[in-house]
Amino acid sequence: MSTYVLVHGAWRGSWIWKRVRRLLQAQGHEVFTPTHTGVADRSHLSSPNVNLDTHITDVANLLRWEELSDVVLCGHSYGGCVASGVADRVPERIGALVYLDAFVLENGQCLNDMIPPEVRRERLDQANEVGEGWKLPPISAEEFNVNPSDRDWVNRQSTMQSLACFEQPLHLTGAINQIKNVTYIWASGWSPSPFPQFYEKAQTKGWRTIAIDCGHDVMLDRPEQLARELLAVSARNAASAD
């Protein structure tokens, strides 16, 4: 049995992982899908003080108090920033790291450093117009090319998120480099996307890389394929331990 911790992206919540969670659980695996402070079922905790470090602590604390080890940690989109922070903070608990169409930051970078300046300005304007200056409204499911049957549901479920999450730099000590089983999965079926740069960088690093032809929310568009890839990561992890 493997243990998976699946970290959602911006504006989402545990709900986004329902399909993949059920598929992995049906195979007998333990699956955790924590919701970040301030969004979805924890949106009542939203405040200007919620930032990237808050979400890293959310997930690191889950690993500590559930006493998890040899975890397959998967971060989607913004969740890649969170997963990197968690892996750097508690590398001894991580068996494998998966970035799912995700941001992969270096020490001192924030998510907003990774998007074009004009997009950054547009989002700041949106926060000022409809988010009281500190909340960022969700990007629509249509823009992420979510499959048409799920778009209305995704738009209803998504919640605003504190702007500080995108502005706070990630601080890494280098401990994350202890983790050798790293995979990058790129969702190649939508554009414009900020993620090809990270997919290409992953290739230069020698990480396992996979391209899936679908929209950004792979867990909705291709749940069975994603579950198979996550199971393959676990198999590689088990083989390396033998």
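(A) Structural detail: the sheet that holds strand β8 (residues 208-212). One open sheet holds the 6 strands; their spatial order is β2-β1-β3-β4-β7-β8, and the pairing between them is parallel. Both edges of this open sheet fall to β2 (30-32) and β8, since each of them pairs with a single strand only. With strand direction ignored, the average angle separating the axes of adjacent strands in the sheet is 20°. Across 6 bridges, the pairing between strand β3 (residues 71-76) and strand β4 (residues 94-100) is parallel. The partner of H76 across the bridge, within β4, is L100.

(B) Seen up close, the packing of aromatic side chains. Taken as a whole and assessed by the stated rule, the structure comprises 12 aromatic pairs. Ring centres of W186 and Y199 lie 4.9 Å apart, and the angle between their planes is 35°; this geometry places the pair in the tilted category. Here Y199 lies in helix α7 (residues 196-205) and W186 lies in strand β7 (residues 182-187), a separation of 13 residues in the sequence. One aromatic cluster in this structure is built from Y99, Y184, W186, Y199 and W207. A cation over an aromatic ring shows up here: R64 above the ring of W65, its NZ or CZ 4.0 Å from the ring centre.

(C) How the structure looks around helix α3 (residues 79-89). Buried residues dominate α3, accounting for 10 of its 11 residues. Three or more residues of α3 are buried, namely G79, G80, C81, V82, A83, S84, G85, V86, A87 and D88. On its buried side, α3 packs onto β1 (3-7), α2 (52-65), β3 and β4.

(D) Broad picture of helix α1 (residues 18-26). Looking only at α1, the buried set comprises V20, R21 and L24. The arc enclosing the buried residues of α1, seen along the axis, measures out at 100°, which places them on a common side. Across from the buried face of α1, at angles greater than 90 degrees, the exposed residues are R22 and A26. Where α1 terminates, the next one or two residues include G28, which has phi positive at roughly 90°.

(E) View of a negative patch on the surface. On the surface, E118, E122, D125, E129 and E143 cluster together into a negatively charged patch. As for its placement among the helices and strands, E122 is situated in helix α4 (residues 117-130).

(F) Spotlight on the state of the cysteines. Per the counting criterion, the structure on display carries 0 disulfides. With no disulfide partner, C110 has as its closest neighbouring cysteine sulfur the one in C81, 8.7 Å distant.

(G) Region of interest: the environment of V20. Examined against the element boundaries, V20 turns out to sit in helix α1. Accessibility expressed as a relative area gives 0% for V20, which makes it buried. Along the sequence, V20 and R222 sit 202 residues apart, while their C-alpha atoms lie 9.1 Å from each other. Apart from the residues lying within four places of it in its own chain, the contact partners of V20 are L6, M219, P223, L226 and L230.

(H) Quick look at the pattern of salt bridges. Scanning all chains against the criterion turns up 8 salt bridges. In this structure, the salt-bridge partner of D217 is R12, at a minimum N-O distance of 2.7 Å. Of this pair, D217 sits in the loop between β8 and α8 (218-221) while R12 is found in the loop between β1 and α1, placing the two residues 205 residues apart along the sequence. R12 sits in the buried class, given a relative accessible area of 2%.

About the thresholds
Each chain carries its own residue numbering, running from 1 in the direction its sequence is written. Side-chain atom pairs in this predicted model are given and counted only at pLDDT of 80 or more, local residue features only at pLDDT of at least 70, and totals for whole chains, interfaces and linings cover all residues. Heavy atoms from the whole structure form the basis of all side-chain values; hydrogens and water molecules are not counted. Strand pairing follows a simple DSSP-based rule, namely that at least 2 bridges must link the two strands. Each helix is a run of DSSP H or I of at least 4 residues and each strand a run of E of at least 2, with the numbering of both proceeding from the N terminus. Between the N-to-C directions of two axes lies an angle of 0 to 180 degrees, each axis being a line fitted to C-alpha atoms and, for a helix, fitted only over the stretch in contact. Here a Phe, Tyr or Trp ring, Trp counted by its six-membered ring, pairs with any other such ring whose centre lies within 6.5 Å, and the pair is stacked when the planes are under 30 degrees apart, edge-to-face when over 60, and tilted otherwise. In this analysis the charged atom, NZ for Lys or CZ for Arg, is taken to sit over a ring once it is within 6 Å of the ring centre and within 35 degrees of the ring normal. Each residue is assigned to one of three classes by its accessible area relative to the maximum for its type, calculated with a 1.4 Å probe on protein chains only: buried under 20%, partly exposed between the two thresholds, exposed over 50%. Contact between two residues is taken to exist if any of their heavy atoms lie within 4.5 Å; hydrogens are not considered. Each C-beta atom gives one direction from the helix axis, and the arc is the one those directions make. Note on patches: the residues involved have over 30% relative accessible area and no salt bridge, like charges join within 9 Å, and the nonpolar side chains Val, Leu, Ile, Met, Phe, Trp and Tyr join within 5 Å. We get accessible surface area from the Shrake-Rupley algorithm with a probe of 1.4 Å; when it comes to residues, only the shown protein chains can shield them. A carboxyl oxygen of Asp or Glu within 4 Å of a side-chain nitrogen of Lys or Arg is what we treat as a salt bridge. The charge count treats Lys and Arg as positive and Asp and Glu as negative. His and the chain ends do not count. The atoms used to mark charge sites are NZ of Lys, CZ of Arg, CG of Asp and CD of Glu. The disulfide definition used here is simple: a pair of cysteine sulfur atoms within 2.5 Å.

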